[in-house]
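Listed below are the residues making up each chain.
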Amino acid sequence: MFRPQIQKTQVLVTMALISTCLLYFVSNSKTYINNFNIDKKHLAVNIMKKSIDIINYDNEISPYDVYRTGLIGKKNSDITTIQSTDDSFLESKIATTSPNFSAFVIDLFEESNLQQGDTIAITMTGSFPGANIAVLSACKAMEIYPIIISSVGASSWGANNINQSWLDIENKLNENNIFNYMSIASSIGGENDLGENLTDKGIEIIEDIIGKYDINFINEVNLQKNILKKINLFGDLNKFAAFVNIGGNASSLGQGKGKNYIRGGVINPILKDDISEIFYLNENNDNFLKEFKKSISYNFLNNDIPLINIKNINLLLKDYGIEYLLNPDLNQIKKGKLYYDIEKFNLVTIWFALIISILMSLSVGIYSHYEIRKKMKEDEIDSII
């Protein structure tokens, strides 16, 4: 019995299988849409990678240093201000050493409406050398000029190697022409920004470190005088487009444990007295706010200058939906949500599948039509005979 191709079971099964495969590819296709500031992010990442290459060239690499940056220090040393055994504490230090963190800083700068040519004030800490470099890399990528005041003391796994303090790292990067801006001043850091939780030996070591560089040594009789000295060194606050704080320095965020609960990210001046917008906790926030109002951060907010607070790293990354930076297995350079949005279905794949389906149906249909016509002609000849 004659049956054209389009009626044959083998042909129909083959067409069904091909259609199923095409449907699978279409349903699993994705479209990658680059972020509008991706070029700046790529530039910042490249700058941070160069910085890391210089730092880790002749530096001891900690076994915890996942990205082999030379920026993860010891659990404890003479200049360690806070010693922690919390895994999430180490996790946050590692996350900031990834070059991807500089791309995140670009987002924070963009959220704060920073523009090329702006001047920003920065307080840095030895606790997060990776975050420090990420911020400087973002500044260079966006052509933003930073005025920096640092503190040398560092918590566990920060820049707490005595011969590799934050000021030493900063100087090394300037000597190698990665950056051309140094801290204008430095304090000891630690409790009350005066190293009250350090030994006398630790304080002496920090004093010697700061003494190596031609910068102001901020070491007043109490925390409030340290804060006032730093504000005076920054000068007219109105010349700044933003204030960036890195870490938990008491001068920057206020005295006491309240600074541990201040939200990370961008805090706009209009929210400076809104407790729920500033602190993660809801209890004792009134007391926390009183101390916060004495800080450098509040002084900037009170002058209508936004605060970019790079602290509580784990919560900060989760708040911005990029917690994948906390997972070294997922944290691939220049990959992920920081660089592009992913939408379901890819238009090219859809058109490809549609064209293949149409061509497949047409080819089988045309060939079947040819077979039918050929068979009809044969039947006509047979009937005449």
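A few points on the structure. Small disclaimer: the values here were computed from a predicted structure and weren't measured.

1. Quick notes on a negative patch on the surface
Phase 1 of the analysis: Where like charges cluster on the molecular surface, the negative patch consists of Asp 200, Glu 204, Glu 207 and Asp 208.
Phase 2 of the analysis: Summarising the element assignment, Asp 208 is placed in helix H7 (residues 200–211).
Phase 3 of the analysis: Residue classification places Asp 208 among the exposed residues on the basis of a relative accessible area of 56%.

2. Points about the pattern of salt bridges
Phase 1 of the analysis: Evaluation of the coordinates by the stated rule reveals eight salt bridges.
Phase 2 of the analysis: Residues Lys 41 and Asp 107 are paired through a salt bridge, measuring 2.9 Å at the closest nitrogen-oxygen approach. Taken as a pair, Lys 41 in helix H2 (residues 38–55) and Asp 107 in helix H4 (residues 100–111) lie far apart in primary sequence, 66 residues in all.
Phase 3 of the analysis: Residue Lys 41 is classed as buried on the basis of its relative accessible area, which comes to 0%.
Phase 4 of the analysis: Overall, the relative accessible area of 26% leaves Asp 107 in the partly exposed class.
Phase 5 of the analysis: A salt bridge links Glu 291 to Lys 294; its shortest N-O distance comes to 3.5 Å.
Phase 6 of the analysis: Taking the relative accessible area as the measure of exposure, Glu 291 reaches 22% and is therefore partly exposed.

3. Description of the packing of helix H5 (residues 129–142) against helix H6 (residues 166–175)
Phase 1 of the analysis: Running from amino to carboxyl end, H5 crosses H6 at an angle of 35°, the nearest separation of the two axes being 11 Å. As for the relative orientation of H5 and H6, their crossing is right-handed in sense. Counted together, Pro 129, Asn 132, Ile 133 and Leu 136 of H5 and Trp 166, Ile 169 and Leu 173 of H6 form the full contact between these two elements.
Phase 2 of the analysis: A per-class count over the contact of H5 with H6 returns six nonpolar, one polar and no charged.

4. Description of the environment of Asn 180
Phase 1 of the analysis: Mapping Asn 180 onto the fold places it in the loop between H6 and strand S4 (185–187).
Phase 2 of the analysis: Here the alpha-carbon distance between Asn 180 and Gly 254, two residues 74 residues apart in the chain, equals 30 Å.

5. Description of helix H11 (residues 285–292)
Phase 1 of the analysis: When we look at burial in H11, the residues that qualify are Asn 285, Phe 288, Leu 289 and Phe 292. Take H11 and look down its axis: the buried residues cluster within an arc of 100°, on one side only. Every exposed residue of H11 that faces more than 90 degrees away from the buried side is listed here: Asp 286 and Lys 290.

6. Details of the environment of Leu 362
Phase 1 of the analysis: The topology assignment puts Leu 362 in helix H14 (residues 347–384).
Phase 2 of the analysis: In this structure Leu 362 comes out as partly exposed when scored by relative accessible area, which is 47%.
Phase 3 of the analysis: Sequence-wise, Leu 362 and Lys 318 are 44 residues apart; in three dimensions their C-alpha atoms are separated by 52 Å.

7. Digging into unusual backbone geometry
Phase 1 of the analysis: Notably, Asp 193 is not glycine yet its phi reads approximately 65°, a positive angle.
Phase 2 of the analysis: Here Asp 193 is to be found in the loop between S4 and H7.
Phase 3 of the analysis: The backbone of Lys 334 shows a phi angle near 60°, a positive value even though the residue is not glycine.
Phase 4 of the analysis: Here Lys 334 lies in the loop between helix H13 (313–319) and strand S9 (340–344).
Phase 5 of the analysis: Residue Lys 334 is classed as partly exposed on the basis of its relative accessible area, which comes to 26%.

8. Comments concerning the nonpolar core
Phase 1 of the analysis: The biggest cluster of nonpolar side chains holds 68 residues, and the ones touching the most others in it are Phe 109 and Ile 310.
Phase 2 of the analysis: Among the elements that make up this core, the one with the highest residue count is H5 (nine residues).
Phase 3 of the analysis: Setting aside residues no more than four positions away along its own chain, Ile 310 makes contact with Phe 101, Val 105, Leu 108, Ala 131, Val 135, Val 244, Asn 245, Ile 246, Gly 247 and Leu 316.
Phase 4 of the analysis: Membership of the second largest hydrophobic core comes to 27 residues, among which are Ile 149, Ile 231, Ile 262 and Tyr 298.

9. A short note on the sheet that holds S4
Phase 1 of the analysis: Pairing within the open sheet is mixed, and its seven strands lie in the order S5-S4-S3-S2-S6-S8-S7. Edge positions in the sheet fall to strand S5 (216–218) and strand S7 (265–267), since each has one partner strand and no second. Geometrically, the sheet is characterised by an average inter-axis angle of 20° between neighbouring strands, direction not taken into account.
Phase 2 of the analysis: Two strands pair when backbone bridges link them, and strand S2 (residues 119–125) and strand S6 (residues 242–246) are joined in this way by four bridges, in the parallel orientation. Of the residues in S6, the one forming a bridge with Ile 122 is Val 244.
Phase 3 of the analysis: Against the sheet, helix H8 (residues 223–234) contacts S2, strand S3 (145–151), S4, S5 and S6, and its axis sits at roughly 150° relative to S5.

How each quantity is defined
- Residues numbered from 1 in each chain as written.
- Predicted model: local features only at pLDDT ≥ 70, side-chain atom pairs only at ≥ 80, totals over all residues.
- Heavy atoms only, no water.
- Patch = residues over 30% accessible without salt bridge, like charges linked within 9 Å, V, L, I, M, F, W, Y side chains within 5 Å.
- Areas by Shrake-Rupley, 256 points an atom, 1.4 Å probe, with all protein chains shown as cover.
- Salt bridge = Lys/Arg side-chain N within 4 Å of Asp/Glu carboxyl O.
- Lys, Arg positive; Asp, Glu negative; His and termini not counted.
- Charge placed at Lys NZ, Arg CZ, Asp CG, Glu CD.
- Helix = DSSP H or I, 4+ residues; strand = E, 2+ residues; numbered from the N terminus.
- Buried < 20%, exposed > 50% of the residue type's maximum accessible area, 1.4 Å probe, protein only.
- Axes fitted to C-alpha atoms, helices over the stretch in contact; angles between N-to-C directions.
- Left-handed = near helix turned anticlockwise from the far one by under 90°.
- Contact = heavy atoms within 4.5 Å.
- Nonpolar A, V, L, I, M, F, W, Y, C, P; charged D, E, K, R; others polar.
- Arc of directions from axis to C-beta.
- Core = buried A, V, L, I, M, F, W, Y, C linked by side-chain atoms within 4.5 Å.
- Pairing = 2+ DSSP bridges.

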